[in-house]
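If you want the building blocks of each chain, they are given just below.
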Amino acid sequence: MAETSQGTGGLKFDRNKRTWPNEANVFIALILLIGLFELIGHYRVGQSMLFDFNTNRDGTILNMARIRIIILQVSIIGIIALGVTQVIITGGIDLSSGSVVGMTAMIAMSFALTAEVNGNPNGRAIFLSEVDGQMVPTPWLHDLPVMVPILVGLLIGILAGFINGVFIAYTGIPPFIATLGMMVSARGVANWWSEGNPVSFPTDQYTALANGNLLDTLTFGLFSESWAMQEVFDGQNPAVFFILLAILFHFIMKHTIYGKHTYAIGSNEDAARMSGINVNRQKVLVYAIAGMLAGFAAILLTSKNLTAQSGMGLIYELDAIAMAVIGGVSLSGGRGSILGTVLGAMIFGIIISGFTYLRLDAFYQEIVKGMIIVGAVVLDQWRQRRASNR
Amino acid sequence: MANNASGGHLPHDMHPLGPVILKSTALTKHYGGVYALNDANFEIRKGEHVAIMGDNGAGKSTFVRQITAVEQRTSGTIWFDGRDVEFEGPLEARKAGIETVFQTLALADDLDVPDNLFLGREITRWNFLGPFRRLDYKAMRAKTLEGLEKTAVKIPNINNTIRNMSGGQRQCVAIARTATFHSKLTIMDEPTAALGVQETAQVENIIRTLKEAGEPLILISHNMRQVMDLVDRIVVFRRGRIVANLKKEETDGEDVVSYITGARTQPEYEVGAT
Ligand SMILES: Nc1ncnc2c1ncn2[C@@H]1O[C@H](COP(=O)(O)OP(=O)(O)OP(=O)(O)O)[C@@H](O)[C@H]1O
Ligand SMILES: [Mg+2]
């Protein structure tokens, strides 16, 4: 076999002339976008978006304050997008994740509350029982170990995804319809759970989930004094979780049977079936994992906000889908990656906070968000046509 | 039934081509009102290569899909390798030892060559992790190169996705997939339909290798020369029915064509055939 060949039959293949991975294009788009915002910002508001050359406030030339906000903004929805990415790779879609966040937020938070707030009974508690003729928070359902609300949240998410998956795999209804049903029903559950009232005042442990310093804990406080630990990671747990989960699922999608079968189903479902892949079981698994990630996002969101409201997660599903599609995940399935979605999430974050930075009204933000979502899908269609024209 | 394919032998008796490996009895498949396959009695012996011929829509692929359990048959029985079988799906059929090149190729376009070769039977490590067990890319890649080398297929970069390959290369990948794994029965549904002269010759060589190794093959093909060159016996399908079962040395191209077109039907298949 010739040096240049890594195939068979002796046809020439030049390693150096391989086509770029799609993620490289997304990365370039990210850089260009940042450049564009910096340029417009330079003339419009007279300061940089991501850099801070003057004050040297955080010990870097970066504007850490803004970067932290951007990362925090995208990481919770980014976690949802990790699951949505897998669903889209199977050729499906999940419209329910935003509502599942709302439902999970309400239910998980109900198990995360303290019985007393400043010496008074917690007025935002859900589980009440009568003691001496008075309704007070049920003692054994409050001040629970933090694992309880976490498990409840993950299980609710898994259950919602499992139901999605079972309907899609075994009744053959389109994913669009099945998850649309879940979207409506889960929001219904969220509203019904406390009749629209917020659920608030979680335990310190629960609060620490999103607001503590996970990396510091994980490294046993060895690096507590370091700049990174104090300036970058403190209070950034959602981002830390996002990155850790992204690394985990990147590995899973690229290097495990689960990932390979997910791609195979999106590529050619019949081929996958004929090759002996249990397509139905795999789909259920994928939707359940997407549900679990939405549930986990709800836990972080409520922990961050110290309260759960039934409207939480509204249209997060579209943001998550947009992140994935911007990152090169094809809506027709089979193509895309976790890395792409992470880059897509960053682009999404830059655009959204870029508007704030340019001091444009929040209304514009929403208008543009809608355009990004549609634009990303148009881009996907265009990419597909180009791929099939090659 | 009198029309036992090779002349009324029981599955376990002596025969120059060895014992029967696969036998279908009254195999029938309806799609709604479409009678795609009717009452098919077919058998093949261990050392035998059998061609199935017939016009488009005659039911050849339908027959394959019932044998390999890609679909569930309407009625009839399938006997394979010593027992009546009720495969739940293609994986079970493959585990039992039936390797198939489907007419639709059954390749995943967005995956590369090793991925496709090993789709559904990946080599893995960390097997305690269940569905999250780790793929052994290195081993699969090595075995892929080995397998392709054997078939002399030209593929410049096996890490390319199937999407970017020519029709012939795709077909080669599908064939290499069955040739790489040892099986008790190989089925190829129009394996050379999209291939050039050289590639066709290569596939025919693979088939000859199978014959020498004494491995049975069901070959579906419209190519009369190929069929006459390669197989021991020709079974003709017409409108969902078997209409002829011809030993190669007792027939010729013209004869076969007359069965395909409906000019003739063997007497024992007269019932219901049109
Ligand atoms: N899923 C299905 N639903 C309905 N009808 C079908 C289905 N699959 C096949 N058929 C019909 O069954 C008949 C036999 O089809 P089959 O694919 O077995 O033909 P074939 O002999 O393989 O033809 P070809 O040489 O073109 O491959 C055709 O009339 C076809 O239209
Ligand atoms: Mg066919």
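Before reading further, recall that the structure is shown in the block above.
Within any chain, residue numbers begin from 1 and follow the written order of that chain's sequence. Just so you know, chain letters begin at A and ligand numbers begin at 1, following the order they were written in. pLDDT decides what is reported in this predicted model: residues at 70 or higher carry local features, side-chain atom pairs at 80 or more are listed and counted, and totals for whole chains, interfaces and linings draw on all residues regardless. Computation of side-chain values: all heavy atoms of the structure, hydrogens and water removed.

Visitor: Any chance you could break down the site of ligand 1 for me, citing the residues and the numbers?
Guide: Residues and elements named next belong to chain B. We call a residue near a molecule or strand as soon as one heavy atom of that residue lies within 4 Å of the molecule or strand. The full set close to ligand 1 counts 14 residues, and N56, G57, K60, S61 and T62 are the nearest of them. Distance and chemistry together define a polar contact, namely a pair of N or O atoms within 3.5 Å, with one atom able to donate a hydrogen and the other to accept it when in protein, and with adjacent residues in sequence counting only for side-chain atoms on both sides. One of the side-chain N or O atoms of K60 is found 2.7 Å from an oxygen atom in ligand 1. In the environment of ligand 1, an oxygen atom lies 2.7 Å from a nitrogen or oxygen atom belonging to the side chain of S61. Considered on its own, ligand 1 offers 640 Å² of accessible surface; in the complex 64% of this is hidden by protein. By residue number, the principal contributor to the shell around ligand 1 is helix α1 (residues 60-67), which donates 4 residues. Polar here means any residue outside two lists: the nonpolar Ala, Val, Leu, Ile, Met, Phe, Trp, Tyr, Cys and Pro, and the charged Asp, Glu, Lys and Arg; Gly therefore counts as polar. For the shell around ligand 1, a count of residues per class yields 3 nonpolar, 7 polar and 4 charged. Here the accessible surface of atoms and residues is derived via Shrake-Rupley with a 1.4 Å probe, and residues count as covered only by protein chains that are part of the display. Only DSSP runs of H or I reaching four residues or more are called helices, and only runs of E reaching two or more are called strands; each is numbered from the N terminus.

Visitor: Explain helix α12 (residues 279-305) of chain A to me, using residue names and the numbers behind them.
Guide: All names here are of chain A. For α12, with 27 residues, the first-to-last C-alpha span of 39 Å sits near the 39 Å given by 1.5 Å per residue. With respect to burial, α12 is a largely interior element, 21 of its 27 residues being buried. Where α12 terminates, the next one or two residues include L306, which has phi positive at roughly 65°. Multiplying 1.5 Å by the helix residue count minus one yields the expected span of that helix. Burial classes: relative accessible area under 20% of the type maximum marks a residue as buried, over 50% as exposed, and values in between as partly exposed (1.4 Å probe, protein chains only).

Visitor: Please set out the layout of surface pockets residue by residue, giving values where relevant.
Guide: To find leftover empty space, one rolls a probe the size of a water molecule over the atoms. Whether a set of points on the 1 Å grid over the protein atoms alone is a cavity depends on a 1.4 Å probe fitting there but being unable to get out, while an open set qualifies as a pocket with protein on both sides within 12 Å along at least five of seven lines; lining residues are those with an atom within 4 Å of a point. Grid points are joined across faces, edges and corners, and a volume is the space filled by probe spheres set on the points. Computed from the structure, the second largest pocket encloses a volume of approximately 790 Å³. Lining of the second largest pocket is provided by 33 residues; of these, A:G276, A:I277, A:N278, B:L91 and B:G120 occupy positions nearest its centre. Where the lining of the second largest pocket is concerned, the elements lending two or more residues are α10 (257-267), α11 (269-274) and α12 of chain A together with α2 (90-96) of chain B. At 5 residues, α2(B) tops the list of elements feeding residues into the lining of the second largest pocket. Taken together, the residues of the lining of the second largest pocket break down into 11 nonpolar, 11 polar and 11 charged.

Visitor: Provide a residue-level description of α10(A), including the pertinent values.
Guide: Of all 11 residues in α10(A), 11 are buried; the element is thus mostly enclosed. Within α10(A), the full set of buried residues consists of A:I257, A:Y258, A:G259, A:K260, A:H261, A:T262, A:Y263, A:A264, A:I265, A:G266 and A:S267.

Visitor: Can you tell me about empty space enclosed by the protein, naming the residues and giving the values?
Guide: For the coordinates displayed, the defined rule picks out 4 cavities of 30 Å³ or more. What the largest cavity holds in volume is close to 140 Å³. Lining the largest cavity we find 14 residues, and of these A:M274, A:S275, B:R94, B:T100 and B:F102 sit closest to its centre. Elements that contribute at least two residues to the lining of the largest cavity include exactly α11 of chain A together with α2 and β6 (98-101) of chain B.

Visitor: So what's going on with the packing of aromatic side chains? Which residues, and what values?
Guide: Working definition: an aromatic ring pair is given by the centre-to-centre distance plus the angle between the planes. We call Phe, Tyr and Trp rings a pair once their centres come within 6.5 Å, taking the six-membered ring for Trp, and we label the pair stacked below 30 degrees between planes, edge-to-face above 60, and tilted otherwise. Enumeration according to the criterion identifies 9 aromatic pairs over all chains in this entry. For the ring pair A:F241 and A:F296, a centre distance of 5.0 Å and an interplane angle of 80° mean the geometry is edge-to-face. A residue pair is termed long-range when its members are at least 10 positions apart, and A:F241 in helix α9 (residues 237-255) and A:F296 in helix α12 qualify at 55 residues. Classification of A:F241 as buried rests on a relative accessible area of 16%. A relative accessible area of 15% means that A:F296 is categorised as buried. Relative to B:F132, the ring of A:Y258 lies with its centre 5.0 Å away and its plane at 40°, an arrangement referred to as tilted. Remark: B:F132 occurs in the loop between β7 (124-125) and β8 (134-135) and A:Y258 occurs in helix α10; the pair is interchain, linking two chains. Note on A:Y258: relative accessible area 0%, which makes it buried. Residue classification places B:F132 among the partly exposed residues on the basis of a relative accessible area of 25%. Taken together, the ring pairs connect A:F111, A:F127, A:W192 and A:W193 into an aromatic cluster.

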